[in-house]
Structure formats: C-alpha cells, structure tokens
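Here's the letter readout for the chains.
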Amino acid sequence: MSYYSYFSRMDRLPRPTRPLLWIGSSRKDYGDFPPKVQEACGFELFLVQTGLHPPSAKPLKGLGNGVIELVEAFDGDAFRTVYTVRFEQAVYVLHAFKKKSKSGIKTPRSDIDLVKRRLKDAEADYAARLKGTGSS
C-alpha cells in the first residue's frame, strides 16, 4: 500500500492514537539516524499508533507475537527500528540501530538480546502505568 493510500484514509482512523513510548536509549539512537530515515520510520510509527500496519513492518523472529521491526535502507546502510504492539494502550519502541553485520539480513544476537531485555522493561513500565491509573 502506498503512502498516498494511507493519507487518504487518515480521516477515518481505526482508533484513537496510542502514545509512543521509548525504552532505554532507543530515542537517542533513533535521533542519530539520517533525517530521511527518521522521516520514513516516524511516519510508519505514526501508522502503528493509529492501528495500521506500515509497509516495511515485519515480525522480528524469535520474540513471539507483537514484536515488529521497521527496516529502512539508506545510502547503502540498513536502519532498523524495533517496537512492540503487545500493549493495548501504548506502543513501545524497544531498539533503533544501524545494522553493522555484513553477513546476510539476520539481526545480530546482541541486538536480539537487547530487545528481549527492553521488552521486559516495557512490560514492567506498562504494568506500572496501568496500576497508576487504576486500569486493568
């Protein structure tokens, strides 16, 4: 689906926008991406917040349902933004990085391990937020 198709549907968003929350250094790391990559990923994260599925989104293997990565190519490099939609009331960005490995497209083990740790941090943060608002 083209970006134009998404824009033409913006007047009938499927649900209210969920907040975008950043875990660890993901926001700073994302800020280090080239502006064109930030623009593309930023728009796709907005789509996620509204309940839509972005064009470059694909499940991150080995982490179960609801952990997704966006992949953007720019100037010969691959930039990845990993987020989770496991939580009804928020979208958590878990990791943002420039893929350094030259051996295929597989996500390096160190990045997978970091995403796993940050997913646990997101689960704890979300539980604390729900407890603080009295929601269940």
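Rules used throughout
- All residue numbers refer to position in the chain's written sequence, counted from 1.
- Local features in a predicted model are, by the rule used here, given only for residues with pLDDT of at least 70; side-chain atom pairs are given and counted only at 80 or more, and totals for whole chains, interfaces and linings are based on all residues.
- By convention in this description, side-chain values take in all heavy atoms of the structure and omit both hydrogens and water.
- Whenever a carboxyl oxygen of Asp or Glu lies within 4 Å of a side-chain nitrogen of Lys or Arg, that contact is scored as a salt bridge.
- Helix and strand labels come from DSSP, where a helix needs a run of H or I of at least four residues and a strand needs a run of E of at least two; each type is numbered from the N terminus.
- Exposure is judged per residue with a 1.4 Å probe applied to protein chains only, and the accessible area is read against the type maximum: over 50% gives exposed, under 20% gives buried, and values in between give partly exposed.
- Following DSSP output, two strands are said to pair if at least two bridges run between them.
- Comment: axis = line fitted to C-alpha atoms, over the contacting stretch for helices; angle = value between 0 and 180 degrees taken between N-to-C directions.

Please explain the pattern of salt bridges as it appears in this structure.
As a working rule, side chains carrying opposite charge can pair if their charged atoms are close by. On inspection of all chains with the given rule, the structure shows 7 salt bridges. Among the ionic pairs, E123 bridges to R86, the shortest N-O distance being 3.8 Å. Of this pair, E123 sits in helix α4 (residues 109-133) while R86 sits in the loop between β4 (77-84) and β5 (91-98), and the two are 37 residues apart along the sequence. With a relative accessible area of 36%, E123 lands in the partly exposed category. You can call R86 partly exposed: its relative accessible area is 34%. The residue D113 makes a salt bridge to R109 at a minimum N-O spacing of 3.2 Å. Taken together, the residues span about one helical turn, with D113 and R109 both in helix α4 at a distance of 4 residues. Owing to a relative accessible area of 29%, D113 belongs among the partly exposed residues under this scheme. Look at the salt bridges and you will find they share partners, linking K58, E69 and R80 into a network.

For this particular structure, what's the right way to read the sheet that holds β5?
Paired through their backbone hydrogen bonds, the strands of a sheet run either parallel or antiparallel. The mixed open sheet is built from 5 strands, whose spatial order is β1-β5-β4-β3-β2. Edge positions in the open sheet fall to β1 (20-22) and β2 (57-59), since each of these has one partner strand only. For this sheet the average axis-to-axis angle between neighbouring strands, irrespective of direction, equals 35°. Bridge analysis of β1 against β5 gives 3 bridges, and the strand direction is parallel.

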